[in-house]
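# A closer look at the structure
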Amino acid sequence: MATATASLRRMFIDGQWVAAEDGRTLGVINPATEEVIADVAYGSRKDARRALEAAHRAMPAWMKLSAWDRAKVLKRTADILRERADDIARTLTLEQGKPLAESKAEILHSADTFEWFAEEGKRAYGQVIPHSQPGKRHLTLKHPVGVVGAISPWNFPITLQARKIAPALAAGCTIVCKPASQTPLCLVQLFEYMVEAGLPAGVANLVIGPAQEIADEFLENPVCRKISFTGSTEVGKQLMKGAADQMKRLSLELGGHAPFIVFPDADPEVGAKIAVTGKFRNNGQVCIAPSRFYVHKDVEKKFTEAAVAEAKKLKLGNGLEAGVEVGPMFEKKAMENTVALVDDAKKRGARVLTGGKRSDRFEKGYFFEPTVLTNINGEMKLMTEEPFAPVMPVLDFSKLDEVIRAANNTRYGLAAYVFTNDLSVAWRMMEGLEAGIIGVNEPVPAVPQAPFGGMKESGLGRELGHEGLEAYLETKYVALRLRDS
Ligand code: NAP
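We now turn to the structure provided with this report. Please read these numbers as outputs of a predicted model, since none were measured by experiment. (Residues numbered from 1 in each chain as written. Predicted model: local features only at pLDDT ≥ 70, side-chain atom pairs only at ≥ 80, totals over all residues. Heavy atoms only, no water.)

### Looking at the environment of L414
By secondary structure assignment, the location of L414 is in the loop between β18 (412-413) and β19 (415-419). For the pair L414 and H257, spaced 157 residues apart in the sequence, the C-alpha separation amounts to 7.3 Å. Sequence-distant contacts of L414, defined by excluding residues within four places in its chain, comprise L254, G255, G256, C287, I288, A435, G436, I437, G453, G454 and S458. (Helix = DSSP H or I, 4+ residues; strand = E, 2+ residues; numbered from the N terminus. Contact = heavy atoms within 4.5 Å.)

Right, dumping it as structure tokens:
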């Protein structure tokens, strides 16, 4: 058997490291240097079919195992991820660009996710429901959904697959994973760890390849009972349409456009620090990144000055270098989109307080300077489209109801942030904001044990938390008639 660490990184299907059936390969690029760092097998629909069939064959034995036995593989995977965190974090930085400290945090969060679902799988309880007629009894059983197709983007390549693999396997499902084409390398490494942790053949499979082909196989092959997708709202909608034919189960984690709202009772300089932490993490390429900053007019000046000072302090560079806090954007197109977004805002009247352009300090790499803008209006593209960029537009407001209306004035509803020390204000905002995730004085809200997902066009269903396990379970209702005694 070939190993995944040979010079060509292979896919993992039915317990084997394999090349693409038709021999295709793809180069993976380091966004800091623009160099090809590895070649991966680049499969096709045929490989996706092989993987689904393997997952289908593996499912009866996997679902018959006790939750305790399934948990052993997940828990060992968590342990290995922690032991090798430095190694896999380096791979993540090389292919995605984020600074090493952020990569390591992603790996440790993924390990926690594996561990948490290893335990939560033991709590897939049914219910006994009180009866209304003497001879009848009612109960529910939990049953795994079936084979899952899991598609994820490039911004958190490990974490976003961990949020699918861990609950699916804990629930007794088997899975075929398709990572983003630009960031497959750390997934190959994760699969090596899962194999070492005792993953049986066919239970989890890795297919790298063109999205449309693989998604079509997931949609049209009846063996695949559920698609779990993280990515853009546009692709989420296409999958939803395609899933209707076979009534496939769907979990959709989609785009966002999060407001960050600063009230005048709390220190605006502290608020600016929290805002900058949330905004420039992973270069703003985060689904829950704050992307519209509404600051009360009484503190707007202080907040903006502090935010500019904090943004200027951030060290931009190759994520592998010590002390770097912001890496390159993940691909050339993302950087060009950011240039266009800022140009559009400038044309419509925005003022650049810092940044606003591609960094000229680097000969290679997709580096964009952390940017703060004011004089913002609702016509600018960065207010209407998900920006996914290191750009911080600051607006002011004067009344709570007015800012709730502005914050909710979007088709998205993923995350929202509130900065205040006033409990009544925080409570009104929690009730009024249309967002699945709300951070109160907290810019990085995700934890494995709490539900994560969006309202409106930001998605369907929740990952993480007990809800994240339920997403891979069907409820069977059983009515039982007792013999007369
Ligand atoms: P994208 O274009 O939708 O791609 C995401 C994944 O879907 C990749 O694996 C991609 O494969 C695949 N894909 C592309 N076209 C597809 C198609 N027609 N059918 C099926 N799969 C397809 O998203 P992106 O722009 O790269 O990623 C950023 C988006 O993800 C943002 O909107 C962000 O907000 C969202 N996101 C959401 C969450 C959340 O939890 N809500 C988390 C992170 C990111 P290839 O790479 O092979 O093209």
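### Some points on the pairing of strand β4 (residues 25-29)
Walk down a regular strand and you will see the side chains alternate between the two sheet faces. Pairing of β4 with strand β5 (residues 36-41) involves 5 bridges; the strand directions are antiparallel. Bridge pairing in β5 places L26 opposite V40. Taking the residues between adjacent antiparallel strands as the criterion, β4 and β5 are bridged by 6 residues, where E34 takes a positive phi near 65 degrees. (Pairing = 2+ DSSP bridges.)

### What to know about the state of the cysteines
Per the stated rule, a full pass over the model turns up 0 disulfides. The closest cysteine sulfur to the non-disulfide-bonded C186 is located on C177, 12 Å from its own sulfur. (Disulfide = S-S within 2.5 Å.)

### Describing the pattern of salt bridges
Overall, the coordinates contain 32 salt bridges when judged by the stated rule. In this structure, K104 engages D86 in a salt bridge whose closest nitrogen and oxygen atoms are separated by 3.1 Å. Linking K104 in helix α4 (residues 100-120) with D86 in helix α3 (residues 85-96), this pair joins segments that are 18 residues apart in sequence. With its nearest N and O atoms 3.0 Å apart, the salt bridge here joins E474 to R249. Taken together, the positions of E474 in strand β23 (residues 473-481) and R249 in strand β12 (residues 249-253) put the pair 225 residues apart, joining distant regions of the chain. Among the ionic contacts, a cluster of salt bridges with common partners joins K75, D79, R82, D112 and E115. (Salt bridge = Lys/Arg side-chain N within 4 Å of Asp/Glu carboxyl O.)

### Here's the deal with the site of the ligand
Not every one of the 30 residues close to the ligand is listed here, only the nearest: S152, W154, S181, S232 and E386. L254 is positioned such that a nitrogen or oxygen atom in its backbone is 2.8 Å from a nitrogen atom of the ligand. In isolation the ligand offers 910 Å² of accessible surface; the protein chains occlude 85% of this area. Among the secondary structure elements, those contributing two or more residues to the shell around the ligand are α7 (211-220), β11 (224-230) and α8 (233-243). With 3 residues, α7 is the largest single contributor of residues to the shell around the ligand. Taken together, the residues that form the shell around the ligand break down as 15 nonpolar, 12 polar and 3 charged. (Near = heavy atom within 4 Å. Polar contact = N/O pair within 3.5 Å; in protein donor to acceptor, adjacent residues only side chain to side chain. Areas by Shrake-Rupley, 256 points an atom, 1.4 Å probe, with all protein chains shown as cover. Nonpolar A, V, L, I, M, F, W, Y, C, P; charged D, E, K, R; others polar.)

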